Amino acid sequence: MANIIIPPGWAIDPRLATSEKEYWEFQSRRKFLRNSIGSVAGLTLGAGLTACSQSEQKAAAEQSPPDAPNPAAASAPAADSAAGLYPPARNPKFTIEPRKLTDEKVAGMYNNFYEFTTDKEMVWKLAENYKFRPWTVEIAGLCENPATLDIEEVEKLAPLEERLYRFRCVEAWSMAVPWVGYPLSKLIEFAKPKPEAKYIRFVSRLDKEMPGVKGQPWYPWPYYEGLSMEEAMNELTLVCTGIYGKRLPGQHGAPVRIITPWKYGYKSPKSVAKIEFVTEQPKTFWNDLAPTEYSFTSNVDPTVPHPRWSQATERVIPTGERVETFPYNGYADYVANLYKS
Ligand SMILES: Nc1nc2c(c(=O)[nH]1)N[C@H]1C(S)=C(S)[C@@H](COP(=O)(O)O)O[C@H]1N2
Ligand SMILES: [Mo]
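A few points on the structure.

What counts and how
- Each chain carries its own residue numbering, running from 1 in the direction its sequence is written.
- In the order they appear in the text, chains get letters beginning with A and ligands get numbers beginning with 1.
- Per-residue local features of the predicted model are confined to residues with pLDDT of at least 70, and side-chain atom pairs are confined, for both listing and counting, to 80 or more; whole-chain, interface and lining totals are unaffected and use all residues.
- Where side-chain values are given, they derive from all heavy atoms of the structure, hydrogens and water being excluded.
- Think of it this way: any DSSP run of H or I at least four residues long counts as a helix, any run of E at least two long counts as a strand, and we number them from the N terminus.
- Think of it in three bands: with a 1.4 Å probe and only protein chains considered, a residue is buried below 20% of the maximum accessible area for its type, exposed above 50%, and partly exposed in between.
- For the accessible areas, the method is Shrake-Rupley and the probe is 1.4 Å, while residue cover comes only from the protein chains on display.
- Residue contacts are defined here by distance: any two heavy atoms, one from each residue, within 4.5 Å place the two residues in contact.
- Polar contacts, as counted here, are pairs of nitrogen or oxygen atoms within 3.5 Å of one another; within protein the pair requires one atom able to donate a hydrogen and one able to accept it, and residues that are adjacent in sequence qualify only if both atoms are side-chain atoms.
- What makes a residue near a molecule or strand is one non-hydrogen atom of that residue sitting within 4 Å of it.
- Just so you know the grouping, Ala, Val, Leu, Ile, Met, Phe, Trp, Tyr, Cys and Pro go in nonpolar, Asp, Glu, Lys and Arg go in charged, and all remaining residues, Gly too, go in polar.
- A pair of aromatic rings is counted whenever rings of Phe, Tyr or Trp (Trp by its six-membered ring) have centres within 6.5 Å, and the orientation is called stacked for planes under 30 degrees apart, edge-to-face for over 60 and tilted otherwise.

**Examining the overall build of the protein chain**
Move 1: Across its full length, the protein chain carries 11 helices and 12 strands.
Move 2: A buried classification covers 53% of the 341 residues belonging to the protein chain.
Move 3: As displayed, the protein chain has an accessible area near 15,600 Å², and 56% of this comes from carbon and sulfur atoms.

This is the structure we're talking about:
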């Protein structure tokens, strides 16, 4: 047999490939994450249900060269309309002490976004080429000003600012990241809810071609979440269109998501397509899947364990350091009064 090396189909021009240093940093980070993550139990549904589609997705994702990720890739195409908007000034009021800001690549390679895959380390790759623009957000329900807005209009509804927030997933890992957005209260002012509106409901995009939707039909897609109006009006709650000074990349929920930093991560829906004002407390994706494990409110609370693990401490990504979890994720001064009664 002749000793000819046939480049695999996915081989790219080496000049386009990542530098070796970046590549090895990427690989060692992957390995570290993989080793340190094993201990966290999967969410509610049995591993058997997800294992098959997950490994298929992984195989598909690994057909591409092992280049370092470009967390901004998904936001690149419409770069022109982003000119002048990013990066906005940081609002110095919000600090993450005693946490440290998570590295951009680390945060962009460890994500929960089940519409793409349940494999946290692969979301960025599977979302990389998804078309998140054009995009519209429907504002509906009990309000004076229902509208369907282009994402570019959503982005300009109020001045963007950067805020450093702690982020705590119910699976007991945490990060701290610089979100870009504006208070949800600004969008609510625009919509003018009627007095009967007591809750706000968010629906993520439903696209049967998203690999995690296609491969996991047992989930009640699309992802749906909700807040009380007081929670939605709280100054911490953000309409988020960016991170690390740029538009949101796919894996973080492009082109627009909600952020509620005093609640577990799943209360922050990604890739929002609809915002609706309603009277009754809306149903939510994780509460419907496992009502005994994921409540509607889901405030970060170190004293209330998840039925299958403690919430007293959290694992900082990527070091794996164990630190104490704070009530309301450290935001009690802003929100504790909402839950007095
Ligand atoms: N549409 C949608 N939104 C979602 C999720 C999801 O699977 N789909 N996962 C949630 C969970 S469990 C977490 S921890 C955060 C993760 O956000 P990040 O990957 O940007 O850190 O997104 C939340 N929002
Ligand atoms: Mo999460």
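Next comes the rest of the account.
**Notes on the environment of Y223**
Move 1: Take Y223: it is sitting in the loop between α8 (211-215) and β6 (224-228).
Move 2: Taking the C-alpha atoms as reference points, Y223 and K270, separated by 47 residues in sequence, lie 8.5 Å from one another.
Move 3: Those residues in contact with Y223 that sit more than four places away from it in its chain are E115, F202, V203, S204, Y266, P269, F285 and W286.
Move 4: Within the local environment of Y223, its side chain forms a polar contact with the backbone oxygen of Y266, the two atoms lying 2.8 Å apart.

**Let's talk about unusual backbone geometry**
Peptide bonds are, in most cases, trans, and in most cases residues other than glycine have a negative phi.
Move 1: Across the junction of E97 and P98, the peptide omega takes the value 0 degrees, indicating a cis bond.
Move 2: By the element assignment, P98 lies in the loop between α3 (79-82) and α4 (104-107).
Move 3: In this structure, the amide linkage connecting A254 to the following residue, P255, adopts the cis form with an omega of -10 degrees.
Move 4: Residue placement: P255 occurs in the loop between β8 (246-247) and β9 (257-259).
Move 5: Residue Y328 is not a glycine yet carries a positive backbone phi of 55 degrees.
Move 6: Phi is positive for N329, close to 55 degrees, though the residue is something other than glycine.
Move 7: Tracing the backbone through its elements, the reader meets N329 in the loop between β12 (322-324) and α11 (332-335).

**Section: the site of ligand 1**
Move 1: Around ligand 1, 18 residues are found, and the nearest of them are Y114, E115, H252, R257 and K270.
Move 2: Between an oxygen atom of ligand 1 and a side-chain N or O atom of N111, the distance comes to 2.9 Å.
Move 3: A distance of 3.0 Å is found between a nitrogen atom of ligand 1 and a side-chain nitrogen or oxygen belonging to S204.
Move 4: Surface burial for ligand 1 is 98%, taken as the share of its 540 Å² of free accessible area covered by protein chains.
Move 5: The residue makeup of the shell around ligand 1, split by class, is eight nonpolar, seven polar and three charged.

**Thoughts on the packing of aromatic side chains**
Move 1: Taken as a whole and judged by the stated rule, the model has 26 aromatic pairs.
Move 2: A ring pair is formed by Y114 and Y219, whose centres lie 5.6 Å apart and whose planes are at 65 degrees; its orientation type is edge-to-face. Highlighted residues: Y114 in the loop between α4 and α5 (123-127) and Y219 in the loop between α8 and β6, separated in sequence by 105 residues. You'll find Y114 and Y219 in the same group, each marked buried.
Move 3: Ring centres of Y165 and Y331 lie 5.7 Å apart, and the angle between their planes is 70 degrees; on these two criteria the pair is classed as edge-to-face. Taken together, the residues Y165 in strand β3 (residues 161-168) and Y331 in the loop between β12 and α11 connect sequence positions 166 residues apart.

**Describing the side chain of N329**
Move 1: A residue is classified by how much of its surface remains accessible, and N329, at 1% relative accessible area, is buried.
Move 2: Residues in contact with N329, not counting those within four places in the same chain, are R166, F167, R168, P261, W262 and V300.

So yeah, pure geometry; function would need other evidence.
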